[in-house]
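Coordinate inspection notes
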Amino acid sequence: MQIAVGEYLCLEGDKANSLYIVKSGMLVGFSKATEGAPLQNFGPGSIIGEFSLLESAAHELTLRAAEDTVIEVIEQGKLQSTLDKHPNWLRSILTFLTSRCHIAEENKKKSDMIQALPSLLYILSSHIQETGSDSMPLELLQKKVIALNNSPAEETDRLLASLQNLGLLKVSGEQDKVVRAESLQTIPLLYETLRYRALNQKVSPNILSMTEQMVLSTFVKIARDSNVPQHNGLCTITTEQLKAEAKKSMHGLTLTSRTIAPLVEKNLLEPSNAFDIHAPLEQVSFFFADFEKILDLLELNRIFPLLDKNLV
Amino acid sequence: MITGDSQQQVIPPTRSHVKAGFVVYSPDSGKRNIIILEEGELAAVDRSNGIRSTVFKMQPGDLIGVAALLEHESFKYPIEATRDSTISIVTEECMESELKTLPVWMLAVIKNLSSKTRKLKEALFKTRCENTLKSLAEYCSHLEAKKDYPLDEFIQEFHWLTKISKATIQEDIKTLVRRKFLIQKGEKSSSIRIASPILLQIFVDYQIATEKGETWAPFMLTLDQKRVLVKLSSIDQSQKMDAPAWIAFFTEQKININVAEWIRLQKFGWFQPDSGNTFSPCTDNIKYYLAALHFETNIRGVL
């Protein structure tokens, strides 16, 4: 088959079931996904369309002749007749290699998404901290993520959709889209938590045990119900209130000094007087805590276990 | 050598009957064979931690060892017969003799599939950043000025974000230090300080423009445009005037600005439009252009 310079051999997404072998000349390939990237060149000896031949996959690229080009076309009929002349295991090997390549492609996509998340969170949390604003133009975010990690804009869009599903942010607007964080703290907190895990190879102290989360949720519930005014963002709850509410909402868990101790150690709950893990909890009259900080931590702990599942 | 010559002698696979419990493949053997299960059942077993667990079971028609044979990537679990079974073993010699009978295009398909998979697997551990210096500058542009960052932690975090090798990061740090964008401090240069985040952001923008083959706006200003910039930086930033008044203002300053030039100045973002057709100087953009001009040699890297 001969293709004159400038002519198109196929268009991206077209149905296909044949393999092309370039005998002479040059084809260039491009796709919407790699717009702006250098064109792929296919010179003599190149083969294009293994998946079209083996499993009728649509063309991945639009192919245009960069010079007068001669190609050999292998149709599926020829593949079948060749395989018929050989043992069955050869067919199995081809199937195995094809599926293995698809698995590798999927793994690469998943890995890219997972790899791109910290960069996205880094840019978003830096923007929040630098400007004090909860929103950032999508175009600027995409540009900065590309500059940092070369993650394409479509990947950033997919990540943002996942984070939106988790209730972490919202992408709004028609033409000039804006990414708006639901809270000023959660995104920086999430980045810091992932960073801590990566750099220290252990779970961040921001990740709380179920018991710790239940105690803090109880604390939040009492604070909300009691309408006690906060001072400098701190709210105060008596030990008596905490024990009474814990009985109702913590599914039979008895609140003791030992239960509270990890939260005191992490400075999330501040006791009114000296705290002794071995003494009865009643020796502390009340606890106070930064209400917003607790809310952000609880939100982080809601999101964190869902991250991986949502991303891939 | 693979020739595609169909007249070659083909070595057939070896057919064997094995009893339940027989180990048909051991990772320690170093053998690179494809095992095809004809009848019965095989299982890949994991004995690490001293406990035997079945990783997966193979049914008739399944095969294992293709990656080991074609790509020298050995399978990590032993394979045992869980029932009396019949297997066919395709050895290296057998495979080679079969491949020799295949047409060249079929060999090319097999080779391409293998090579694509290998490249995808390798890419999992490689950075996607082509311009690592730009990437480092972007990262640094979000750090605080006048704060010392421990070098080890700095490199670790950036490596985690980008997968750029630590050796490359260290080289790029040196480059940014030479350009005076970063300052190394402490004994044995154990910490890093950011000279100016905005300068690093300017450097990133310059790199982006260069990659696209574009001439970067701050470096293509005419003399009159530069004089406008300097004048704007020295006047009251809250000053508001309409376009003719601004043109008259610059003419008074002996800066030759006509309507066409005024439109070009708009594109630089030096003026922000206010209500009522008036314009005031845009401080951030003016500072950005001034810094770019002031540090042109550092940005271009021609110190």
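Because the structure is a prediction, the values reported are computed rather than measured.

Conventions we followed
Residues numbered from 1 in each chain as written. Chains lettered and ligands numbered in written order. Predicted model: local features only at pLDDT ≥ 70, side-chain atom pairs only at ≥ 80, totals over all residues. Heavy atoms only, no water. Axes fitted to C-alpha atoms, helices over the stretch in contact; angles between N-to-C directions. Helix = DSSP H or I, 4+ residues; strand = E, 2+ residues; numbered from the N terminus. Parallel < 35°, antiparallel > 145°, perpendicular 65-115°, else oblique. Left-handed = near helix turned anticlockwise from the far one by under 90°. Contact = heavy atoms within 4.5 Å. Nonpolar A, V, L, I, M, F, W, Y, C, P; charged D, E, K, R; others polar. Salt bridge = Lys/Arg side-chain N within 4 Å of Asp/Glu carboxyl O. Buried < 20%, exposed > 50% of the residue type's maximum accessible area, 1.4 Å probe, protein only. Buried area = accessible area lost by both parts, 1.4 Å probe. Polar contact = N/O pair within 3.5 Å; in protein donor to acceptor, adjacent residues only side chain to side chain. Pairing = 2+ DSSP bridges. Domains from an automatic or database assignment. Phe/Tyr/Trp six-rings, centres within 6.5 Å; stacked < 30°, edge-to-face > 60°.

With that settled, consider the packing of helix H7 (residues 210-226) of chain A against helix H10 (residues 291-303) of chain A. Residue and element names in this part refer to chain A. The geometry of H7 relative to H10 is characterised by a closest axis approach of 10 Å and an angle of 135° between their N-to-C directions. It follows that H7 is oblique to H10 by the angle criterion. Regarding H7 and H10, the two cross each other, and that crossing is left-handed. Facing H7, whose interface residues are Gln213, Leu216, Ser217, Phe219, Val220, Ala223 and Arg224, H10 presents Phe291, Ile294, Leu295, Leu298 and Asn301. Classifying every residue of the contact of H7 with H10 gives 8 nonpolar, 3 polar and 1 charged.

Turning next to the pattern of salt bridges. Residues and elements named next belong to chain A. Summed over the entire model, instances satisfying the criterion amount to 33 salt bridges over all chains. Notably, a salt bridge pairs Lys221 with Asp225, separated by 2.9 Å at the nearest N-O pair. Pair noted here: Lys221 and Asp225 are both in helix H7, with a separation of 4 residues, about one helical turn. Note on Lys221: relative accessible area 37%, which makes it partly exposed.

All names here are of chain B. Non-glycine residue Lys180 carries a positive phi angle of around 70°. Relative to the helices and strands, Lys180 is located in the loop between helix H6 (166-178) and strand E10 (182-185). Despite not being glycine, Lys254 shows a phi value in the positive range, around 65°. Secondary-structure assignment places Lys254 in the loop between helix H9 (243-252) and helix H10 (259-268). Using a relative accessible area of 68% as the deciding quantity, one classes Lys254 as exposed.

Another aspect to go through is the interface of chain A and chain B. Between chain A and chain B, the residue contacts involve 52 residues of the former and 53 residues of the latter. Counting each side, the surface lost to burial between chain A and chain B is near 4,600 Å², with a carbon and sulfur contribution of 66%. Taken together, chain A and chain B are joined by 7 salt bridges. The residue A:Arg195 makes a salt bridge to B:Glu153 at a minimum N-O spacing of 2.9 Å. Seen at the junction of chain A and chain B, the total is 19 residue pairs in polar contact (both at pLDDT 80 or more). Mapped onto the side of chain A that touches chain B, the elements with two or more residues apiece are strand E3 (18-24), helix H1 (50-55), helix H2 (76-84), helix H3 (88-131), helix H4 (138-149) and helix H6 (186-200) of chain A. A breakdown of the residues in the side of chain A that touches chain B according to their chemical character gives 29 nonpolar, 12 polar and 11 charged.

Here we come to the sheet that holds E10(B). Residue and element names in this part refer to chain B. Ordered in space as E9-E11-E10, the 3 strands form an open sheet in which the pairing is antiparallel. Each end of this open sheet is capped by a strand with a single partner; those strands are strand E9 (148-150) and E10. The sheet shows a mean angle of 35° between the axes of neighbouring strands, taken without regard to direction. With 4 bridges connecting them, E10 and strand E11 (residues 191-194) associate as antiparallel partners. Across the sheet, Leu182 pairs through a bridge with Ile194, a residue of E11. The sheet contacts of H6 involve E10 and E11, and relative to E10 the element is tilted by about 110°.

Tracing the sequence through the fold places A:His86 in the loop between H2 and H3. By relative accessible area, which is 13% here, A:His86 ends up buried. Every residue in contact with A:His86, bar those within four places of it in the chain, is listed here: B:Glu98, B:Thr101 and B:Leu102.

How big an interface is tends to be stated in terms of accessible area lost as the parts join. Partitioning chain B into domains gives domain 1 (14-125), domain 2 (132-211) and domain 3 (217-300). The distance between the C-alpha centroids of domain 1 of chain B and domain 2 of chain B comes to 47 Å.

This paragraph deals with the packing of aromatic side chains. Residue and element names in this part refer to chain B. Under the defined criterion, the tally for this structure stands at 25 aromatic pairs over all chains. Pairing Phe56 with Phe75 gives two aromatic rings, centres 5.9 Å apart and planes at 70°, and the pair type is edge-to-face. With Phe56 in strand E5 (residues 53-58) and Phe75 in the loop between helix H1 (66-71) and strand E7 (79-81), this pair connects stretches of sequence that are 19 residues apart. A relative accessible area of 21% places Phe75 in the partly exposed class. When the ring of Trp270 is compared with that of Tyr289, the centres are 5.2 Å apart and the planes differ by 85°; the resulting orientation is edge-to-face. Here Trp270, found in the loop between H10 and strand E13 (271-273), pairs with Tyr289, found in helix H11 (residues 283-294); they are 19 residues apart in sequence, far enough to count as distant. The pair Trp270 / Tyr289 is uniform in exposure class, with both members buried. What links up through ring pairs into an aromatic cluster is the set Tyr206, Trp216, Phe219, Phe268, Trp270, Tyr288 and Tyr289.

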